[in-house]
Structures are given as C-alpha cells and as structure tokens.
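# Structural characterization, general
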Amino acid sequence: MEENASRAHAEARSEAASRDARAGLTTGALARRLGVAPTTLRSWDRRYGIGPEVRGAGRHRRWTPQDVAVLEAMCRLTSAGVPPAEAARTARRGTAGATPDAGVPSGTKAAPTGGSRTRAGGTLPLGDVRQECRGLARAAVRLDAPAMEQQLASAVEDHGLVVAWQEVMVPTLHAVGRKWASSGDRYVEVEHLLSWHVSGALRRHTRPLAAPVTAPAPGPTLLACVPGEQHSLPLEALNAGLCELGLPTRMFGGAVPMEALTAAVTRIGPTAVALWAQSRSAASLPLARHIAGAQWGVRGARGRPVVLLGGPGWLGRPGTGMLRPTSLTEALDMLSGLYADGAPAGSW
C-alpha cells in the first residue's frame, strides 16, 4: 500500500513538473535569461502587448517558448537602436529572427554625418547622442556581449573607425563612467565589459603594414600611457586610425615606466611619441620634456621625436613645442602631416 502511494505521489509530482514545463518560464527566470529587469518585462507587456500566453492563478505569468522568442527578438531590436514600440511590432510579426538590422526601419540608423540622434539611453545618462549609442548602452547595461559585438562592428562598418569612436564608443563609455561615479560601485561590471568589447573592436581594425619597405622609412609613432595611467582605449583608437592610414606604429599600452619609454625611443627612433594622461596627477611635463629631448643615431645626425600630449590630464599644462590635438581626427591629421611633410603639423 505504501509503495503504491509513493508511486502515485511521484507520478503526481512528475505530472505537475510536466505541466510547469509546458506552461513556460516564470517572469523572474526569463528576466535572468534575457539580462533585463522583471519590471522591464511587465512594462513591455503593459505598453506594447508583448505578454505571456499563459497566466496562472494569482496573475502569475508563464512565458512559453514562443513568448521567449518574441522577447529575444525585442531585445535584439532595441539593442540595435530601434524604438521599443516599433521593435515590439516587428518582434510580434516574427520578422526579426535573422539579424537585428532586418527589422530596423529605414531612417533609424544614423548617417555618417549629422544623423539620427536621441536623448534616450536605457538607464544611462547619454544626452543628445547618435541613435547607435542607445542600443549600445542598453546592451551594455544588460551585459549582452553578442549585442555589443554586433553594435560596435556595425558602427565601424557604417561610419568608419573615427566617427564610430568619437560619436558612438566615447559617448557610451562616458555615460557608463558617469553612472558608475554617481552610483558607488554599481555598474563597474558594465564599464569593464563595455571597455573590453570596445578594445576588441578597435584591435580588429588594427592592421599592421603588409610588408617592410626597402627604402629608408620614417620611424613609427610610439604610443604609450604615462606612468600610473591605465586608460589606454584612446591610444588604441589612435593606433587603429594610424594603421588605417598605412602609418607605422608601436603600441605600448598602459602605465609605461619612464625608463622603458626612454629605452624604446632610443632603440626605435620614432617620428613621434604620443603620451596619454587621463588625470592631471599622472600628466608630468618633466617626463614629456625628457622624452622630447631623447636622441638616437650617430653624432652629427641625431634625431629627436615630436611629442604629442593626449588626454584631459594635460589641459592647462604649457607643453611648448609639443602637439596638442583635441580629438582623434585632429591627432590623425597632425601625425599624417608629420609623415607627409617631415615637419610638425601644428601644436597639440
């Protein structure tokens, strides 16, 4: 008798579990799967009619596989910068399955100059920015790595590296940084993941010169963060831009000690040295002057590099005789001018 009762109880539990599986996911489970807040799912249900087919007792939602597919399409489209209402209509029609761009209405993407702009950006304070920033910000907050990869690749492909950096990557990175600064330790994971994928997008578009030249060539541009400075993304963008122009570079990255910088200059004989300082405490004019005075070559024909000071840490510092660009575009113009004319293109 007890054995029969136990068997019946097990069968009942199995049947209940089967019913739950057929009924679908709870809102909490689906939110964790999609990387959004449960309140977002409820808001989409209320505003745009993207709700579950099954509602249990007490108004508990159960999301079926069909519901999940619609919401996954909704997330892909909003990450691509499509307004939520249009994304919901497209997701319900089932036309968003191939790629996020498939459901993007004409005119949604920003043009290479000017372009569509928006003040919305999920939970990040984006301000008046390109449409692509909204999708990238939403993907970052959701920690949606595939969506970030797609957004960054599309931005570079559609607008070019320089515009993608200055008008898509930088505003989103700044918004994440402001949110982190105003929220204690919250959102640090968002900044780290976004920075990682921005770095990856820049490196994918960094191509070394195809083959060494036989004639004497000008030295490369050496790129390094000053000692104590770890913010290397702007230098990665400059490195990628120089490589696009076919100009030689040597990228040393973050926090390079002064002795190592000096040794690299004397060994490489660079045309220019770009020094990045994000903070004033890291920006050392004695270091910059020391690098500008470094020499290489035989006596009577010694060379010296042109020094470029990049980053907000150098603002207000009198870097006489050094280049001081205010944007990636300006830095690329100055450096390409050095290689074209053999003389400094201006002051930075």
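Rules behind the numbers
Residues numbered from 1 in each chain as written. Predicted model: local features only at pLDDT ≥ 70, side-chain atom pairs only at ≥ 80, totals over all residues. Heavy atoms only, no water. Core = buried A, V, L, I, M, F, W, Y, C linked by side-chain atoms within 4.5 Å. Buried < 20%, exposed > 50% of the residue type's maximum accessible area, 1.4 Å probe, protein only. Helix = DSSP H or I, 4+ residues; strand = E, 2+ residues; numbered from the N terminus. Contact = heavy atoms within 4.5 Å. Axes fitted to C-alpha atoms, helices over the stretch in contact; angles between N-to-C directions. Parallel < 35°, antiparallel > 145°, perpendicular 65-115°, else oblique. Left-handed = near helix turned anticlockwise from the far one by under 90°. Nonpolar A, V, L, I, M, F, W, Y, C, P; charged D, E, K, R; others polar. Pairing = 2+ DSSP bridges. Arc of directions from axis to C-beta. Right-handed = clockwise from strand over helix to strand, strands pointing away. pLDDT = per-residue confidence, 0-100. Salt bridge = Lys/Arg side-chain N within 4 Å of Asp/Glu carboxyl O.

Quick look at the nonpolar core now. Within the largest apolar cluster, 44 residues are counted, with the highest numbers of intra-cluster contacts made by Trp 165, Met 169, Leu 194, Val 198, Leu 202 and Leu 238. Among the elements that make up this core, the one with the highest residue count is helix H8 (residues 161-182) (eight residues). Residues contacting Leu 238, with those up to four places away along its chain left out, are Leu 223, Ala 274, Leu 328, Ala 331, Leu 332 and Leu 335. Membership of the second largest hydrophobic core comes to 22 residues, among which are Val 226, Ala 264, Ile 291 and Val 307.

Structurally, His 197 is set in helix H9 (residues 188-204). Those residues in contact with His 197, other than ones at most four positions away along the chain, are Ala 145, Met 148, Glu 149 and Leu 152.

Attention shifts here to the packing of helix H6 (residues 131-141) against helix H7 (residues 145-159). For any two helices packed against each other, the geometry comes down to the angle between their axes and how far apart the axes lie. Axis separation between H6 and H7 bottoms out at 9 Å; the angle between their running directions is 160°. Here H6 is positioned roughly antiparallel relative to H7, judged by the angle of their axes. In this structure, the crossing between H6 and H7 has a hand that is left-handed. Residue-level contacts link Glu 132, Gly 135, Leu 136, Ala 139 and Ala 140 of H6 to Ala 147, Met 148, Gln 151, Leu 152 and His 159 of H7.

Closest axis-to-axis distance for the H9/helix H10 (residues 233-244) pair is 9 Å, and the angle between their directions is 15°. In terms of orientation, H9 and H10 fall into the roughly parallel class. Note on packing geometry: the crossing formed by H9 with H10 is left-handed. Residues Ser 195, Val 198, Ser 199, Leu 202 and Arg 203 of H9 touch H10, and the partners they reach there are Leu 233, Glu 236, Ala 237 and Ala 240. Looking at side-chain class alone, the contact of H9 with H10 contains five nonpolar, two polar and two charged residues.

The strand order across the open sheet built from four strands is E6-E5-E7-E8, with neighbouring strands paired in parallel fashion. The two strands at the open ends of the sheet, each matched to only one other strand, are strand E6 (249-253) and strand E8 (306-310). On average, adjacent strands in this sheet sit at an angle of 15° to one another, irrespective of strand direction. The sheet contact formed by strand E5 (residues 221-225) and E6 spans four bridges and is parallel. Within E6, the position partnered with Thr 221 by the bridge is Thr 249. Taken strand by strand, helix H11 (residues 258-268) contacts E5, E6 and strand E7 (272-276), and its axis lies near 175° from that of E5. Sheet strands touched by helix H12 (residues 285-292): E7 and E8. Its angle to E8, the strand with the most contacts, is close to 155°.

Moving on, we come to unusual backbone geometry. A positive phi angle is found at Leu 143, which is not glycine, with a value near 55°. With relative accessibility at 40%, the residue Leu 143 sits in the partly exposed group. Here the phi dihedral of Ala 255 falls at roughly 50°; this positive angle occurs in a residue that is not glycine. With respect to the helices and strands, the residue Ala 255 is situated in the loop between E6 and H11. Overall, the relative accessible area of 24% leaves Ala 255 in the partly exposed class.

Along H11, the residues that are buried comprise Leu 261, Thr 262, Ala 264 and Val 265. Around the axis of H11, the buried residues are gathered within 160° of arc, so they sit on the same side. Facing away from the buried side of H11, by more than 90 degrees, are the exposed residues Glu 259 and Arg 267. Check the buried side of H11 and you find it contacts E5, E6, E7 and H12. Directly after H11, the chain includes Gly 269, whose backbone phi takes a positive value near 65°.

A few words now on helix H2 (residues 27-34). Because an α-helix completes one turn every 3.6 residues, residues spaced three or four positions apart along the sequence face the same direction. For H2, every residue scored as buried is listed here: Thr 27, Leu 30, Ala 31 and Leu 34. The buried residues of H2 occupy an angular sector of 100° when the element is viewed end-on, so they sit on one face. In H2, the exposed positions that point more than 90 degrees away from the buried face belong to Arg 32 and Arg 33.

Taken across its five residues, E5 has five buried, putting it largely inside the fold. Both faces of E5 are covered, namely the face carrying Thr 221, Leu 223 and Cys 225 and the face carrying Leu 222 and Ala 224. With H10 bridging E5 and the parallel E6, this β-α-β connection has right-handed handedness.

This part is about the confidence of the model for the chain. Averaged over all residues, the pLDDT of the chain is 77; the fraction at 70 or higher stands at 72%. When pLDDT is averaged over each helix and strand of the chain, the minimum, 38, is found for strand E3 (residues 117-118) and the maximum, 96, for E7. In this model, residues 12-21 is a region of pLDDT below 50 whose contacts with residues beyond four sequence positions or in other chains number one contact.

Let us look at the pattern of salt bridges. Taken as a whole, this structure holds four salt bridges when the rule is applied. One salt bridge in this structure joins Glu 86 and Arg 89, with 2.6 Å as the shortest N-O distance. Of this pair, Glu 86 and Arg 89 both sit in helix H5 (residues 84-93), three residues apart, which is roughly one turn of the helix. For Arg 89, a relative accessible area of 38% translates into the label partly exposed. Notably, a salt bridge pairs Arg 203 with Glu 236, separated by 3.7 Å at the nearest N-O pair. Separated by 33 residues along the polypeptide, Arg 203 in helix H9 and Glu 236 in helix H10 bring together distant segments of the chain. Taking relative accessible area as the criterion, Glu 236 reaches 8% and is therefore assigned buried.

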